[in-house]
Structures are given as C-alpha cells and as structure tokens.
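Okay, here's what each chain looks like letter by letter:
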Amino acid sequence: MQDILNYINGQLIQPKSNLYIDNIAPATGKKIGSIPNSSAIDVNLAVEAAQAAFPTWASCGADQRSKILLKIADLLEKALPEFAQAESLDNGKTLKLASTVDIPRAVHNLRFYATAILHAHDEAYYTEPHALNYTRREPLGVVACISPWNLPLYLFTWKIAPALAAGCTVVAKPSEVTPLTAFMFAKICIEAGLPAGVLNIIHGEGAHTGQALVEHPDIEAVSFTGGTHTGQRIAALVAPKFKKLSLELGGKNPNIVFEDCDLEKAVKGSVLASFSNQGQICLCGSRIMVHQSIYEVFKEKFLAKAAALQVGNPQDPHVQVGAVVSEGHYHKILSYIDLAQKEGGKILLGGMPVQLEGDYSKGFFIAPTVIENLPYDCRTNQEEIFGPVVTIMPFESESEVLKYANSTKYGLAATIWTENLTRAHRVAHQIKSGIVWVNCWLLRDLRTPFGGMKESGVGREGGFEAIRFFTEEKNICIKL
Ligand code: NAD
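Being a predicted model, the structure only gives us computed values, none of them experimental.

### Focus: the overall build of the chain
Moving on, step 1. For the chain, the helix and strand inventory stands at 15 helices and 22 strands.
Moving on, step 2. For 480 residues, the compact-globule formula gives about 23 Å, and the C-alpha radius of gyration of the chain, at 23 Å, lands near that figure.
Moving on, step 3. Reported as C-alpha extents along the three principal axes, the dimensions of the chain are approximately 70 × 65 × 40 Å.
Moving on, step 4. Buried residues in the chain amount to 57% of all 480 residues.
Moving on, step 5. In the chain, of all internal contacts separated by at least 6 residues, the share reaching a separation of at least 24 is 75%.
Moving on, step 6. In the structure as shown, the chain presents an accessible area of about 19,500 Å², 54% of it carried by carbon and sulfur atoms.
Moving on, step 7. Distance from the positive charge centre (44 side chains) to the negative charge centre (48 side chains) of the chain: 2 Å.

What follows is the structure in structure tokens.
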C-alpha cells in the first residue's frame, strides 16, 4: 500500500481536507493505496509557498536553475526501474513501455529544458538614430500545471520542466487516476535540494482540487493537458481573469495509407499508432484510411499483426497490450464498441474484454479492436474513444481522404504513408492538424512546436514555445 502525500513548501504532508480517494491498480482491480483529495485550503497553502519561493527562484539565474533540474534528472534516471514499475502498476501500461518510453522521456524533458534555458536569448533593436530598445522575458510568477493519466510522469515533467527553467514557481496537479510517480518525483526533488516552495504537488480530483487551483487568484497561468471538455471548462473559468492559458486536448487522428506506400512499414507503423499504450495516446491514429487499390491486402496484413499482439499482465515482457486505465474508462471504451455495432460497424478483430486468470481476473483488459464499414461522419469516427479501438475504411482519391481526415472537430495529429514526396507535402499542407508525420508515427524532436488545431487545443508546447509561454515580454526603450 502506498499512501500518497501532497508536496507543499518542501515537505510531504497530509491534506488539510482529510479527504482521500482510493488508488486502484487497473491490471488487478485492487486498491494499492490512497490519494489526498485536496481542498481549496490545501491549494491555498501550495500557492502561498510558491509565491514565497518565487522572488529568489526567479532571480537566482538560469545557471543555478539548470543545475538543480539536471540533478533531478540524474536522480530520476538512477531510479528508472522503480519509477517504471510504479508507472506500470498505477496506469496498467506495460513495464516495457514505461521503462523505454515514459520514464526515459521524463528524464529527457528535464534535461532538455535545463539546458534550453541556457541558450534562451532576448531581442534588441537599435532605433536609429536616438534610442535602444531591448526586450526582456520575465517569468510569470506562480503557475498551475495540470496533467492527465495516459503518460503520467512524461506529461507532468513536460510542463513543469519549462516552467521551472523559465523561473516560475509551480503548483502542479497530476491526474488523480495515476498519482504515484508524481509523488515519488517529489521525494527526488527534496533529495536534489530543490528549494522549498519552488515546486508544489497537490493531489485530488479534477472538479475538486483542479478547479480550486485554476480559480485561485494568484495563479498567473494555467498549462493544461487533458480532455477537450475539461479544457472548455477551464477556459471558461480563467478567461474572465485574463490568465494565460495553454491547452493540449483530445484527438481523433487520421492515419492515411496511400497506394504508393512501403506496405510493410505502413502496416507496422499503423499497428503501433493504433495500439501503443492501449490506444491511450492523444496522438494515436484511430481512423485508418487506406487507398481502395491496396485496401484488402493492407487489411489482411494489419489484422494479422494486430491479432498477434499479446494482451495480459503488464509486467510480462512478452505482453504488448496491458490494461486500460480504470474501470470507468473500460466501460466507456466498451460502450463505444457497442455504439459502433449499432451504427453498422463490422468488428474485424477483438470487440470484447479479455478475461485473464488469477491476480489479473478483475483487471480492465480489452482486446485490440478493428472495425470497418462505418461512414466517416458517424459518432464512432468523430468522437475520441481513447482505447485500443480503430476504424478502417477505403478511399478513392486524395480529395476524398482529405474530406474524411479534416471532418472531425479535432486537429491534433495525422500520419501519411506514401513514397511520393510531392504528394506527402501536398497532403500534409492540406491537413488541419498541428502535427503531420510522414512514414513514421510519434517520432519526436523536443525542439519542435507541439499542439493541436481546432478543438485539440490552444497554443504550442515544445522548444522555446514553452519558455515563451511561462514568461512575459517587457520592452525597455532607452533614449540615447
Ligand atoms: P481529464 O480532462 O479528465 O483530466 C486531465 C487533468 O485535468 C486531470 O489532472 C484532472 O484531475 C484535471 N481536471 C479535471 N477536471 C478539472 C477541472 N474542472 N478543473 C481543473 N482540472 C481538472 O483528461 P484525462 O481523462 O486525464 O486524459 C485523457 C484526455 O487527455 C484525452 O482526451 C486525451 O486526448 C488528452 N490528452 C491530450 C494530450 C495532448 O498533448 N493534446 C496528451 C495526453 C492526453
């Protein structure tokens, strides 16, 4: 049992609310500990600590901030096996994915921003003949970072690293569904000597703790990753207060396979894009569109590869598909499979829970599911399912597939498989999404802008975009 504590003003403490929620391991359905359900009083304490820490942290210099962040990264890297175990236990994802993607990427996020800040530069303008303007970027103050459950520490550090590097102090709230690694991370911050109050981590439910945090009058900015509906709610709360807001929201991403693709690569990449992390990545390609001339051959190869994926105990190195994150989410995914059938969809693969034995008999496992015969504009093809469920459909022409691809309210990512470079550029330019991958999926360079169009979000993370978000420009004009 791991009872989680808040991290406020450099200390691990129980919530003043004295309220707790159960932490359930999705692979077994068993309770593994308790999580504080922090109240506005706890939020207040965290914000006060962050306010007190701000002047020193903001003015100690990029070099000093960089050193501490690098130390945290080193300690996290050393503890990678324990963190990967915890992430797998808490989220249901495979230990392999947690060890090779989630935790290494969290280390990378910290190192990336610890060093990026050393290369940040300001602007200067000589106003001929009589003035000099220079533009300074000042940290905003106390900011809120709110992250989801699908890539818990990966996305948590993706927000706090640039905020801390830029000189802000932070009150962060990880998802109440997967709080374990953020709690362990607090211990590492203490060990690394991060000054008290610079980072505060409070736990609790979104509508309770999260809302109290975004509404707090001394929070200058909110960086949020999560569902579109939650993003809308947060935007409505903070807009009248003119707080800065960054929103990374849902997706329903097209995966487009042209007849001139490298078929083997397209099949392999599409299986990864469909079922990695049980399909619970905002960037997953959940709508597969295949040119009619290769539809049958692609489908056969894709189904064979997807059918070979082993579903089971996330700790087993041979397993590629673990548990989905919670009982509630499990039922949501199954209800979408029902809906797809009511909408006329034909289940080609899966379409049902997977019943395991022994310790895992009460876990939340769903078979990789592939559905065809659905129109592009039905609910199954328009709404985010966020599970191991994809649809597959044929298309005849580029204009037709662009219509399908751009038909949803989302615009996060897209993947195109083609060996024709001209086509790759032409189609990429016409897709309405913040990210387009050609002949690859989830190939990330942390310097590039990351974010979505339409209802997939507002603003961009990544590279200096995130540093710009957590700072505000001030222009100083000097008459010579
Ligand atoms: P969610 O919106 O339910 O929760 C995200 C976070 O917001 C959690 O920490 C939650 O406690 C908090 N929250 C919920 N209600 C709140 C409120 N009223 N005020 C303040 N905070 C609140 O999302 P989720 O179910 O945890 O994550 C899945 C969603 O996240 C999917 O839609 C997925 O596409 C999206 N996502 C997007 C990206 C991206 O980069 N665009 C990345 C990962 C996940």
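### Some details on the site of the ligand
Moving on, step 1. As a structural note, the neighbourhood of the ligand is formed by 30 residues, with Lys 173, Glu 176, Thr 230, Leu 249 and Glu 384 the closest of them.
Moving on, step 2. Glu 176 places a polar side-chain atom, nitrogen or oxygen, 2.6 Å from an oxygen atom of the ligand.
Moving on, step 3. Look at the ligand: alone it shows 850 Å² of surface, and the protein chains cover 90% of it.
Moving on, step 4. At the level of elements, α7 (206-215), β10 (221-225) and α8 (228-238) are the ones that each hand at least two residues to the shell around the ligand.

### Details of the pairing of strand β13 (residues 287-291)
It is a general feature of regular strands that their side chains alternate between the two faces of the sheet.
Moving on, step 1. Buried residues dominate β13, accounting for 5 of its 5 residues.
Moving on, step 2. Because side chains alternate across β13, one face comprises the buried residues Arg 287, Met 289 and His 291, and the other comprises Ile 288 and Val 290, equally buried.
Moving on, step 3. As paired elements, strand β12 (residues 254-257) and β13 share 4 bridges and run parallel to each other. Across the sheet, the residue bridging to Ile 256 is Met 289, located in β13.
Moving on, step 4. Summarising the sheet, β13 and strand β16 (residues 389-395) pair through 5 bridges and their orientation is parallel. What sits directly across from Ile 288, in β16, is Ile 392.

### Thoughts on the sheet that holds strand β6 (residues 131-139)
Neighbouring strands of a sheet are bound in pairs by backbone hydrogen bonds; such pairs are parallel or else antiparallel.
Moving on, step 1. Taken in spatial order, the 3 strands of this open sheet run β5-β6-β22, and their pairing is antiparallel. One side of each edge strand has no neighbouring strand; the edge strands of this open sheet are β5 (123-127) and β22 (471-479). Each adjacent strand pair in this sheet contributes to an overall mean axis angle of 20°, direction not counted.
Moving on, step 2. Of the pairings in the sheet, the one linking β6 to β22 comprises 9 bridges and is antiparallel in character. Of the residues in β22, the one forming a bridge with Pro 139 is Thr 471.

### Some words on the packing of aromatic side chains
Moving on, step 1. One pass over the full model with this rule turns up 10 aromatic pairs.
Moving on, step 2. Where Phe 156 meets Phe 185, the ring centres are 6.2 Å apart and the plane angle is 80°; that geometry is what we call edge-to-face. With Phe 156 in helix α5 (residues 152-166) and Phe 185 in helix α6 (residues 180-192), this pair connects stretches of sequence that are 29 residues apart.
Moving on, step 3. The exposure class assigned to Phe 156 is buried, which follows from its relative accessible area of 2%.
Moving on, step 4. Seen from their ring centres, Phe 258 and Phe 395 are 5.5 Å apart, and the 80° between their planes marks the pair as edge-to-face. You can see Phe 258 sitting in the loop between β12 and α9 (263-275) and its partner Phe 395 sitting in strand β16, a full 137 residues away along the chain.

What counts as what
Residues numbered from 1 in each chain as written. Predicted model: local features only at pLDDT ≥ 70, side-chain atom pairs only at ≥ 80, totals over all residues. Heavy atoms only, no water. Helix = DSSP H or I, 4+ residues; strand = E, 2+ residues; numbered from the N terminus. Rg over C-alpha atoms; globule rule 2.2 N^0.38 Å. Buried < 20%, exposed > 50% of the residue type's maximum accessible area, 1.4 Å probe, protein only. Contact = heavy atoms within 4.5 Å. Areas by Shrake-Rupley, 256 points an atom, 1.4 Å probe, with all protein chains shown as cover. Lys, Arg positive; Asp, Glu negative; His and termini not counted. Charge placed at Lys NZ, Arg CZ, Asp CG, Glu CD. Near = heavy atom within 4 Å. Polar contact = N/O pair within 3.5 Å; in protein donor to acceptor, adjacent residues only side chain to side chain. Pairing = 2+ DSSP bridges. Axes fitted to C-alpha atoms, helices over the stretch in contact; angles between N-to-C directions. Phe/Tyr/Trp six-rings, centres within 6.5 Å; stacked < 30°, edge-to-face > 60°.

Just distances and angles here, no functional claims.
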